[in-house]
Amino acid sequence: MKKLIVVAALLYVSLTSLFAQHADGIKGVWVNDAKDAKVEIYKSGDKYFGKITWVKEMYEADGRTPKKDSKNSDEKLRSRNIVNMVILSGFTFDDGEWTGGELYDPKSGKTYKSKMKLKGDALEIRGYVGSPMFGKTTIWTKAS
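Residues numbered from 1 in each chain as written. Predicted model: local features only at pLDDT ≥ 70, side-chain atom pairs only at ≥ 80, totals over all residues. Heavy atoms only, no water.

Side note on unusual backbone geometry
Leaving glycine out, the prevailing phi sign among residues is negative, and the prevailing peptide bond configuration is trans.
Alright, step 1. Its identity as a non-glycine residue notwithstanding, lysine 35 has a phi of 60°, on the positive side.
Alright, step 2. Tracing the backbone through its elements, the reader meets lysine 35 in the loop between strand E1 (28-31) and strand E2 (37-44).
Alright, step 3. A positive phi angle is found at asparagine 84, which is not glycine, with a value near 80°.
Alright, step 4. When its relative accessible area of 51% is taken as the criterion, asparagine 84 is described as exposed. (Helix = DSSP H or I, 4+ residues; strand = E, 2+ residues; numbered from the N terminus. Buried < 20%, exposed > 50% of the residue type's maximum accessible area, 1.4 Å probe, protein only.)

Let's talk about the sheet that holds E1
Alright, step 1. Pairing within the closed barrel is antiparallel, and its 8 strands lie in the order E1-E2-E3-E4-E5-E6-E7-E8. Going from strand to strand, the sheet's axes swing by 30° on average, the running direction of each strand aside.
Alright, step 2. One ladder, built from 2 bridges, connects E1 with strand E8 (residues 135-142); its direction is antiparallel. By the bridge assignment for E8, tryptophan 30 is matched with lysine 142. (Pairing = 2+ DSSP bridges. Axes fitted to C-alpha atoms, helices over the stretch in contact; angles between N-to-C directions.)

Regarding the pairing of strand E4 (residues 86-94)
Alright, step 1. Pairing of strand E3 (residues 47-55) with E4, which is carried by 3 bridges, proceeds in the antiparallel orientation. Paired with lysine 51 across the bridge in E4 is valine 86.
Alright, step 2. Here E4 pairs with strand E5 (residues 97-105) via 5 bridges, running antiparallel. Of the residues in E5, the one forming a bridge with serine 89 is glutamate 102.
Alright, step 3. Linking E4 to E5, which pair antiparallel, is a turn of 2 residues; within it aspartate 95 sits at a positive phi near 55°.

A few points about the pattern of salt bridges
Alright, step 1. Within the structure shown, the criterion is met by 7 salt bridges.
Alright, step 2. For lysine 67, the salt bridge goes to glutamate 57, with nearest N and O atoms at 3.8 Å. Of this pair, lysine 67 sits in the loop between E3 and E4 while glutamate 57 sits in the loop between E3 and E4, placing them 10 residues apart in sequence.
Alright, step 3. On the basis of relative accessible area, lysine 67 is assigned to the partly exposed category, the value being 24%.
Alright, step 4. Glutamate 57 sits in the exposed class, given a relative accessible area of 56%.
Alright, step 5. Within this structure, Asp24, Lys27 and Lys43 form a network of salt bridges that share partners. (Salt bridge = Lys/Arg side-chain N within 4 Å of Asp/Glu carboxyl O.)

Geometric values such as these leave the question of function open.
If you want it as structure tokens, here you go:
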């Protein structure tokens, strides 16, 4: 009986760690489909977030001022820097997907409901309004 309990406990620990590794497979730095930005995806608590760590055009026209979130619909947020801005927020892992989150697009200033899924070394991100049926999928690649 003791052996059965030990085996069951080891099996539970093994399966739990495998699940956690798969859920954390999204963590790391990703390059967007336009290849003009890198986003670091990280976990905080039980949710996943992503912040911009690099953009191709880092500065405004003057060559010194960091690019700002100028298209944000909230006027108070237009002065924040693009680099280090959180653009993916509130995702949870469930059944092979990260769902329940939002994607902010600094190019348009719009926020979309979103879900993500790993497909090999690619990350499929679907942003949508209302239903995932009415959205757009973008493919990000793992940064090297």
